[in-house]
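Coordinates in review
As a plain string of letters, each chain reads:
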Amino acid sequence: MIIIGELINASRKAIGKAIEEQDTVAIQQVAKDQTAAGADYIDVNAGIFVGKEPDYLKWLVETVQAVTDKPCAIDSPDPKAIEAALSVHAGTAMINSISLEKERYDNLLPIVSGTDLKVIALCMSDAGMPEAVEDRLKIADELVNSLVRHNVKVENIFVDPLVQPMSVNNHFGTAFLDAVEAIVQRFPGIHTACGLSNISYGLPARKFLNQTFMTMAIAKGLDGAIVNPLDRQMMANIVAAEALAGKDDYCMNYLKAFRSGMLET
Ligand code: THG
């Protein structure tokens, strides 16, 4: 599982405050904690700061990369903010995300076309949020085919079928899971990703739903997720579910996780 640490997101109160105050130490602590917990990418999001997003995102990338070797997932729909962040990013960043919404698509395609950047392809279009599995697949098809035509390698694409709250519609869970299954079958070598915790929005005891949903999604082939890596139970579940899904030769990762103490929750 490719873990994208979600915690450096300005919509979280403490992070929004730290960004506004340019509190390097606070941001770096969260970057270090997520790296130590096993994050492969550090998501950076300054989306609440209209007008200042490019400057803040650039500062976040510099601040984070000063204390971790991990690349960032640059979480913005704004090409100017993404360009600013990329201008200081070391190594191969992940763009989070392109979608089929026309303006976003047209502006972000030139940034990723012909590069080795990783890119999350979010299943959203100008028709709004997809509801049924077919809507998600139609968008995924168009996005992936178009990205590949524009010289983005299939292995650099992470399709995000979009997790929506099941408190709104109790079929949103299965629509997502079925979409993951179909995408993994249809595009060999492609990756998938999602903001998993959206599933439990509006419900109590969210951790329990998030962890169980993660296990179900892994069974369908999910191999990337934007999650809180400091949730030890979640991280332990991921290692166990991947072994059970046949993704862990000789249970090597499971055994390694056990020996490192990661399975003591
Ligand atoms: N898809 C893609 N990108 C995304 C999302 C998506 N980026 C934003 C969001 N959705 C995923 N990121 C977050 C970040 C923080 C939280 C949820 C999703 C969050 N965190 C808890 C909090 O602030 O209380 C803390 C973590 C916890 O305890 O679980 O709510 O769908 N491509």
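Presented here is an overview of the structure given in this document.

**Quick look at the pattern of salt bridges**
Pairs can form between side chains of opposite charge whenever their charged atoms are close. Inspection of every chain in the model, using the stated rule, returns seven salt bridges. Between E101 and R104 there is a salt bridge, with the nearest N and O atoms lying 3.3 Å from each other. Comparing E101 with R104 shows no difference in burial state: the two are buried. Among the ionic pairs, D116 bridges to K153, the shortest N-O distance being 3.0 Å. Here the residue D116 occupies a position in the loop between α5 (102-112) and β5 (118-122), and K153 occupies one in the loop between α6 (133-149) and β6 (157-160), the gap between them amounting to 37 residues. Residue classification places K153 among the partly exposed positions, given a relative accessible area of 41%.

**Concerning the pairing of strand β3 (residues 72-75)**
Residues C72 and I74 of β3 are buried on one face, and the alternating residues A73 and D75, pointing to the opposite face, are buried as well. With three bridges joining them, strand β2 (residues 41-44) and β3 adopt parallel strand pairing. Residue pairing for β3: V44 is matched across the bridge by I74. The sheet contact formed by β3 and strand β4 (residues 94-99) spans three bridges and is parallel. What sits directly across from A73, in β4, is M94. Taking the sense of rotation as the criterion, the β-α-β connection linking β3, helix α4 (residues 79-88) and β4 turns out right-handed.

**With respect to the sheet that holds strand β1 (residues 2-5)**
A sheet is described by the order of its strands in space; here eight strands give the open sequence β7-β6-β5-β4-β3-β2-β1-β8, paired in parallel fashion. Both edges of this open sheet fall to β7 (191-192) and β8 (224-227), since each of them pairs with a single strand only. Relative to β8, β1 is paired through four bridges, and the arrangement is parallel. Opposite G5, over in β8, you have V227 as the bridge partner.

**A closer look at the site of the ligand**
Around the ligand lies a shell of 13 residues, among which R12, D75, N96, D160 and N198 are the nearest. Between the ligand and E6, the relevant distance is 3.3 Å, taken from a nitrogen atom to a side-chain nitrogen or oxygen of the residue. Interatomic distance of 3.1 Å between a side-chain N/O atom of N198 and an oxygen atom of the ligand. Calculation on the ligand without its partners gives an accessible area of 670 Å², and the protein chains cover 70% of this total. Here the residues of the shell around the ligand are counted per class, giving three nonpolar, six polar and four charged.

**What to know about the packing of α4 against α5**
Contact geometry for α4 and α5: axes closest at 10 Å, N-to-C directions at 20°. Regarding the angle of α4 to α5, the classification is roughly parallel. By crossing handedness, the relation of α4 to α5 is classed as right-handed. Contacts from P79, I82, E83 and L86 of α4 reach α5 at N107, L108 and I111. Its residues assigned to classes, the contact of α4 with α5 shows five nonpolar, one polar and one charged.

**Comments concerning the side chain of Q211**
Here Q211 is to be found in helix α8 (residues 206-220). Excluding residues that lie within four positions of it along the chain, Q211 makes contacts with D231, Q233, M234 and N237.

**Re the packing of α8 against helix α9 (residues 232-244)**
Axis separation between α8 and α9 bottoms out at 9 Å; the angle between their running directions is 20°. Relative to α9, the element α8 lies roughly parallel. Handedness of the crossing formed by α8 with α9: right-handed. Mapping the contact onto sequence places N210, Q211, M214, T215 and I218 in α8 and Q233, M234, N237, I238, A241 and E242 in α9. Residues that form the contact of α8 with α9 fall into these classes: five nonpolar, five polar and one charged.

**Looking at helix α1 (residues 13-20)**
Buried within α1 we find I15, G16, A18 and I19. For α1, the arc enclosing every buried residue in end-on projection is 165°, short of the 170-degree limit, so these residues lie on one face. In α1, the exposed positions angled more than 90 degrees off the buried face are occupied by K13, A14, K17 and E20. Packed against the buried residues of α1 are α2 (24-36) and α3 (53-65). Q22 occupies a position one or two residues after α1 and carries a positive phi of about 50°.

What counts, and at which threshold
- Residues numbered from 1 in each chain as written.
- Predicted model: local features only at pLDDT ≥ 70, side-chain atom pairs only at ≥ 80, totals over all residues.
- Heavy atoms only, no water.
- Salt bridge = Lys/Arg side-chain N within 4 Å of Asp/Glu carboxyl O.
- Buried < 20%, exposed > 50% of the residue type's maximum accessible area, 1.4 Å probe, protein only.
- Helix = DSSP H or I, 4+ residues; strand = E, 2+ residues; numbered from the N terminus.
- Pairing = 2+ DSSP bridges.
- Right-handed = clockwise from strand over helix to strand, strands pointing away.
- Near = heavy atom within 4 Å.
- Polar contact = N/O pair within 3.5 Å; in protein donor to acceptor, adjacent residues only side chain to side chain.
- Areas by Shrake-Rupley, 256 points an atom, 1.4 Å probe, with all protein chains shown as cover.
- Nonpolar A, V, L, I, M, F, W, Y, C, P; charged D, E, K, R; others polar.
- Axes fitted to C-alpha atoms, helices over the stretch in contact; angles between N-to-C directions.
- Parallel < 35°, antiparallel > 145°, perpendicular 65-115°, else oblique.
- Left-handed = near helix turned anticlockwise from the far one by under 90°.
- Contact = heavy atoms within 4.5 Å.
- Arc of directions from axis to C-beta.

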